[in-house]
Amino acid sequence: MKDTFLRACRGEKTDYTPVWLMRQAGRYLPEYQAVRTEVDFLTLCKTPELAAKVTKQPVDILGVDAAILFSDILIPVEAMGMHLEFSDKKGPVLSDPVRSKAAVDRLVIPDTEDSMPFVLEAIKILRAELTVPLIGFSGAPFTLATYMIEGGSTKNFLNTKKMMFQHPGLFHLFLDKITSTVIAYLLSQIKAGAQAVQLFDSWAGVLSPEDYREFALPYVKRSISELKKETVPIIYFVNDCAGLLSEIKKTRADVLGVDWRVDLRDAVKKIGKKFVVQGNLDPCALFLPKEKIEERVKDILWKGEFARGHVFNLGHGILPETPVENARAMVEAVHRFSER
Ligand code: CP3
């Protein structure tokens, strides 16, 4: 197995900078679309052979240095007892959003083996077949809470912040329950064979530093310290992280994901030499001409040199409209320009 990605996560010297893309298995790939015409998204997530098949697609097509399990951050939310659907127009829809103590009390902390065996099965298939490391993942507690309270995607997170500000005790109780779920879920993924794990805190960037410190950070810290009992690298990604870096660096993550809105060198200056960084090309930069993509890749690689280590990635997920040849050119450029 090619272990460049794992070595970089541990801050070890590598022959080149490894690269993968958040949301790399997905709609921008015609090969993914072909599978999706046969099955709906949730069925795909719950059919281990198919989930494994689409997990491997970007490894073969783009030449990335790691695979990320094909699933969704909302799979454990369904296992906690909520009804989940994906609509083509609205994205995820969770009926009966969590807005009361009774609703929080009704949720269970699921046993992964019992309620999400397909995730563990997909991991086992992949470990037997992959030539690159496999990343498992979960949503981080605050981000999962936003979906469960809003019932889906949202613009201003009003219902979440209402619970946070009007019923902070209840919000903490809720986050505590989600955290126990996240920990158990990721530990089972590691046990099944995941070689690194990423916590996606996609919406923590909507919090002020003070609120992040109270409502997101403690639960991320607890998750990471439990996961540290295992030896796999832990990646923590906060989208829109610029204003939160001095808080984020209080976690014991091995790798910090950085979105594109912050200069990677400035981010490294703020977080110091303790962390490997992951990022941070603007996903829309993949719509530039190839020479311009290469210029940006070079610039980010140079800035990554100031960190303890660097895993190249986009600053957030790849967009469905992205031309595949541009994604491939980016991966190739990262490898070519970083060769040591
Ligand atoms: O990275 C990968 O390739 C692995 C698979 C993966 C998916 N979702 C597949 C997916 C991962 C790691 C996720 C994480 C995820 N899901 C996040 C965190 C990352 C981020 O982007 O911030 C979030 C917030 C979700 C929730 C979610 N899932 C939304 C809001 C949507 C609808 C909007 C969208 O991007 O499509 C999804 C659907 C989803 N998850 C798709 C895929 C491939 C598209 C479903 C389809 O095929 O129609």
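For the structure, see preceding data.
Below you will find a few notes about this structure. Not measured: the values here are computed from a predicted model.

## What about the environment of Asp 201?
- Note that Asp 201 resides in strand E5 (residues 196-201).
- Expressed as a C-alpha distance, the spacing of Asp 201 and Val 220, which sit 19 residues apart in the sequence, is 9.1 Å.
- Discounting chain neighbours no more than four positions away, the residues touching Asp 201 are Ala 140, Phe 142, Thr 143, Val 220, Tyr 236, Phe 237, Val 238 and Asn 239.

## Some points on the sheet that holds strand E7 (residues 255-257)
- A sheet is described by the order of its strands in space; here seven strands give the open sequence E1-E4-E5-E6-E7-E8-E9, paired in parallel fashion. For this open sheet the edge positions go to strand E1 (67-68) and strand E9 (309-314), each flanked by a neighbour on one side alone.
- Its contacts with the sheet put helix H13 (residues 217-227) on E5 and strand E6 (234-238), and the angle it makes with E5 is roughly 175°.

## A word on the nonpolar core
- By size, the foremost hydrophobic cluster in this structure holds 129 residues, and its most contacted members are Phe 5, Leu 21, Phe 171, Phe 174, Tyr 212, Tyr 236 and Met 330.
- Once residues lying within four places of it in the same chain are set aside, the contact partners of Leu 21 are Leu 62, Val 64, Asn 313, Leu 314, Ile 318, Ala 327, Met 330 and Val 331.

## Some words on the environment of Arg 99
- Structurally, Arg 99 is set in the loop between strand E3 (91-95) and helix H6 (101-106).
- Judged by relative accessible area, Arg 99 falls into the partly exposed class, the value being 44%.
- C-alpha separation for the pair Arg 99 and Lys 162, spaced 63 residues apart in sequence, amounts to 9.5 Å.
- Setting aside residues no more than four positions away along its own chain, Arg 99 makes contact with Ile 149, Glu 150, Asn 159 and Met 163.
- At 2.8 Å, the side chain of Arg 99 and the backbone oxygen of Ile 149 are in polar contact.

## Overview of the side chain of Gln 198
- Note on placement: Gln 198 falls in strand E5.
- Reaching out from Gln 198, the side chain makes a polar contact with the side chain of Gln 278 at a distance of 3.0 Å.
- Excluding anything up to four places from it in sequence, Gln 198 contacts Trp 20, Met 22, Ile 135, Gly 136, Phe 137, Ser 138, Ile 235, Phe 237 and Gln 278.

## Overview of the pairing of E3
- Two elements, strand E2 (residues 83-87) and E3, share five bridges in a ladder whose sense is antiparallel. Within the sheet, the bridge partner assigned to Leu 84 lies in E3 and is Leu 94.
- Counted along the chain from E2 to the antiparallel partner E3, the turn is three residues long.

## Concerning unusual backbone geometry
- The step from Gly 279 to Asn 280 runs through a cis peptide bond, and the omega angle for that step is -15°.
- Position of Asn 280 among the secondary structure elements: in strand E8 (residues 276-281).
- Phi is positive for Asp 96, which is not a glycine, with a value near 50°.
- With respect to the helices and strands, the residue Asp 96 is situated in the loop between E3 and H6.

## Topic: the site of the ligand
- Around the ligand, 22 residues are found, and the nearest of them are Arg 23, Arg 27, Tyr 32, Ser 202 and His 316.
- Ala 25 places a polar main-chain atom, nitrogen or oxygen, 2.8 Å from an oxygen atom of the ligand.
- Separating an oxygen atom of the ligand from a side-chain N or O atom of Ser 202 is a distance of 2.5 Å.
- Contact with the protein chains hides 89% of the accessible area of the ligand, taken as 870 Å² for the molecule alone.

## Some thoughts on the pattern of salt bridges
- Tallying each qualifying case throughout the model produces 20 salt bridges.
- As a salt-bridge pair, Glu 247 and Lys 250 come within 2.8 Å of each other at their nearest N and O atoms.
- The class for Glu 247 is buried, based on a relative accessible area of 5%.

Conventions and cut-offs
Residues numbered from 1 in each chain as written. Predicted model: local features only at pLDDT ≥ 70, side-chain atom pairs only at ≥ 80, totals over all residues. Heavy atoms only, no water. Helix = DSSP H or I, 4+ residues; strand = E, 2+ residues; numbered from the N terminus. Contact = heavy atoms within 4.5 Å. Pairing = 2+ DSSP bridges. Axes fitted to C-alpha atoms, helices over the stretch in contact; angles between N-to-C directions. Core = buried A, V, L, I, M, F, W, Y, C linked by side-chain atoms within 4.5 Å. Buried < 20%, exposed > 50% of the residue type's maximum accessible area, 1.4 Å probe, protein only. Polar contact = N/O pair within 3.5 Å; in protein donor to acceptor, adjacent residues only side chain to side chain. Near = heavy atom within 4 Å. Areas by Shrake-Rupley, 256 points an atom, 1.4 Å probe, with all protein chains shown as cover. Salt bridge = Lys/Arg side-chain N within 4 Å of Asp/Glu carboxyl O.

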